[in-house]
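Structural overview for review
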Amino acid sequence: MENLLYYPYINLPRTDWSARALLYYEKIGSIVPEKYFHYPERYEPFMRQMVQKELVIPINPMDVVETTWRISEIFINYIRSNEFPLEERQSVFQGGRFGHVHRQKFVGSRVHVNKFESEIFYQLSEAGLARRENYEWYMVEEYTASKLMTFLASVIGEKLDFQPVNDGNSDYYDIVGHETNNLEIYRNEIEKREIILQELIPFPEEIDIKKLKAFKEKHVDLLKSFKNKVELIALDTSVEINSRLFNEQIIELKENKNELSSKMNE
């Protein structure tokens, strides 16, 4: 996979994970409300720099998802199905619509109104799983918000050929109808890739966006060669994490990473 779709948040964190991802993937996208396109000062400083340097592509979900009503319909049917623990999540959300609780006690995640059409927020509110915080944000019960954002990321990722990833886990297959037996393969692939990258890509103490972009542009072939070697291991289902073969291949890659390390140290 050449491209990465970061979710569920708007801003990529200033961490070693972001530095590795910026070097490794061809493109990185983030799901961004329309207002941020007109007011880039809303981004956190690190994210704003990456967008300005075109290291991260902001993606407006309303421009990608042609039938937003279909998104709402599928997800609403999901929360009404036996697969979704509706009563449990209502209870966690401090009694849902049936309770009279101080707004600060609601356990939830903020979701921007521009990421979905209004119908989905109306239905979630009616189900006792969301409440409006202000004109821009809804507070959505945490588990529900996680499912909602993984669903949106999966739809956008499939449409644009981007791999949705947050902290290395994803469970969107059970909502969008993919084969569930592929889920474990998918997760193992992500985990293997992350283990290898943590072992092999040196992380600078200070992330200089300008230098990182220049390095990426100057050493395209070197990074591509490195990536090809990593992908051979990550996509090989016969190579299991922590197996002797997996550890031997990491050692072999370490021995051959000198050129990449020396270029990065420059």
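What you see is a predicted model; the values in this text were computed from it and never measured. (Residues numbered from 1 in each chain as written. Predicted model: local features only at pLDDT ≥ 70, side-chain atom pairs only at ≥ 80, totals over all residues. Heavy atoms only, no water.)

**Details of the nonpolar core**
Heads up, the condition is: To define a nonpolar core, start from buried Ala, Val, Leu, Ile, Met, Phe, Trp, Tyr and Cys residues and group those joined through side-chain atoms within 4.5 Å. Think of it in three bands: with a 1.4 Å probe and only protein chains considered, a residue is buried below 20% of the maximum accessible area for its type, exposed above 50%, and partly exposed in between. Each helix is a run of H or I in the DSSP string that is no shorter than four residues. Each strand is a run of E no shorter than two, and both are numbered from the N terminus.
Formed by 43 residues in total, the largest nonpolar core has its most connected members in Ile-28, Met-50, Ile-196 and Phe-226. For this core, the secondary-structure elements that each account for two or more residues are strand E1 (3–6), helix H1 (16–24), helix H3 (45–52), helix H10 (183–200), helix H11 (209–218), helix H12 (220–234) and helix H13 (244–255). Broken down by element, this core gets its largest block of residues, six residues, from H1. Ranked by size, the runner-up nonpolar core spans 30 residues in total, among them Tyr-78, Leu-129, Tyr-138 and Ile-156.

**Focus: the sheet that holds E1**
What counts, and what does not: Think of it this way: DSSP has to see at least two bridges between two strands before they count as a pair. What counts as an axis is a line fitted to C-alpha atoms, over the stretch in contact for a helix, and the angles between N-to-C directions run from 0 to 180 degrees. We call two residues in contact when some of their heavy atoms are within 4.5 Å.
The strand order across the open sheet formed by four strands is E3-E2-E1-E7, and the pairing between neighbours is parallel. Two strands lie at the open edges of the sheet, namely strand E3 (57–59) and strand E7 (163–165), each paired on one side alone. Adjacent strand axes in the sheet meet at a mean angle of 30 degrees, parallel and antiparallel pairs treated alike. Of the strand pairs in this sheet, strand E2 (residues 27–31) and E3 are connected by three bridges, and their pairing is parallel. Opposite Ile-31, over in E3, you have Ile-59 as the bridge partner. Contacts from helix H8 (residues 142–160) reach E1, E2, E3 and E7, with the element oriented near 140 degrees to E2.

**Things to note about the sheet that holds strand E6 (residues 137–141)**
Across the sheet, which stays open at both edges, the three strands sit in the order E4-E6-E5 with antiparallel pairing between neighbours. With one partner strand each, in any of the chains shown, strand E4 (108–112) and strand E5 (130–132) form the two edges of the open sheet. Within this sheet the neighbouring strands show an average axis-to-axis angle of 30 degrees, counted without direction. Judged from the five bridges that link them, E4 and E6 form a sheet pairing that is antiparallel. In the strand pairing of E6, Ser-109 is matched with Val-140. Strand contacts of helix H7 (residues 118–126): E4, E5 and E6, with the helix running at about 45 degrees to E6, the strand carrying the most contacts.

**What to know about the environment of Phe-37**
Following the sequence through the fold, Phe-37 ends up in helix H2 (residues 34–38). Sequence separation between Phe-37 and Ile-59 is 22 residues, and the spatial gap between their C-alpha atoms is 9.4 Å. Beyond its immediate chain neighbours, meaning those up to four positions away, Phe-37 contacts Val-32, Pro-58, Ile-59 and Asn-60.

**A closer look at H1**
One full turn of an α-helix is made of 3.6 residues, so residues set three or four places apart face in the same direction. Among the nine residues of H1, eight are classified as buried, and the element is accordingly described as predominantly covered. Where H1 is concerned, the buried positions are Trp-17, Ser-18, Ala-19, Arg-20, Ala-21, Leu-22, Leu-23 and Tyr-24.

**Some words on the packing of aromatic side chains**
To describe a pair of aromatic rings, you give the distance between the ring centres and the angle between the ring planes. Stated precisely, the cut-off is as follows: Working definition: rings of Phe, Tyr and Trp (its six-membered ring) pair if their centres are within 6.5 Å, and the pair is stacked with planes under 30 degrees apart, edge-to-face with planes over 60 apart, and tilted otherwise.
For the structure shown, the criterion picks out 10 aromatic pairs. With 5.2 Å between their ring centres and 80 degrees between their planes, Tyr-24 and Tyr-25 make a pair best called edge-to-face. With respect to burial, Tyr-24 and Tyr-25 carry one shared label: buried. Ring geometry for Phe-75 versus Phe-151: centroids 6.1 Å apart, planes at 20 degrees, classification stacked.

**Focus on the pattern of salt bridges**
Quick note on the threshold: Salt bridges, as used here, are contacts in which a Lys or Arg side-chain nitrogen is within 4 Å of a carboxyl oxygen on Asp or Glu.
The final tally for this structure, using the stated rule, is 13 salt bridges. Ionic pairing is found between Arg-193 and Glu-189, a salt bridge with its closest N-O pair at 2.9 Å. With a gap of four residues between them, Arg-193 and Glu-189 both fall in helix H10, about one helical turn apart. Take Arg-193 and Glu-189: they sit in the same class, and that class is buried. Each member of the salt-bridge network shares a partner with another, and the members are Asp-16, Arg-20 and Glu-194.

**Some points on the confidence of the model for the protein**
Definition in use: Known as pLDDT, the predictor's confidence for each residue is given on a scale from 0 to 100.
A residue-level look at the protein finds 85% of positions with pLDDT of 70 or above and a mean pLDDT of 82. For the protein, per-element mean pLDDT is lowest for helix H9 (residues 173–176), which scores 46, and highest for E3, which scores 96. The model gives residues 96–106 a pLDDT under 50, and that stretch makes 15 contacts with residues more than four places away or in other chains. pLDDT under 50 marks residues 168–180. Its contacts with residues more than four places away, or in other chains, come to 32 contacts.

**A few points about the side chain of Asn-11**
So the rule is basically this: In protein, a polar contact requires one atom able to donate a hydrogen and another able to accept it; more generally it is a pair of N or O atoms within 3.5 Å, and residues adjacent in sequence count only if both atoms are side-chain atoms.
Note that Asn-11 resides in the loop between E1 and H1. Polar side-chain contacts of Asn-11 include one of 3.0 Å to the backbone nitrogen of Glu-44. In contact with Asn-11, other than residues within four places in its own chain, are Tyr-6, Tyr-43, Glu-44 and Met-47.

**A short note on the pairing of E1**
Rule in force here: A crossover counts as right-handed when, viewed with the strands pointing away from the observer, the path leading from the first strand over the helix to the second turns clockwise.
What you see with E1 is no split at all: Asn-3 and Leu-5 on one side and Leu-4 and Tyr-6 on the other are buried throughout. For E1 and E2, the ladder comprises four bridges, and the chain directions are parallel. If you follow Tyr-6 over to E2, its bridge partner there is Ser-30. In terms of handedness, the path from E1 via H1 over to E2 forms a crossover that is right-handed. In this structure, E1 lies alongside E7, joined through three bridges in parallel fashion. Pairing of Leu-4 across the sheet is with Gln-163, part of E7.

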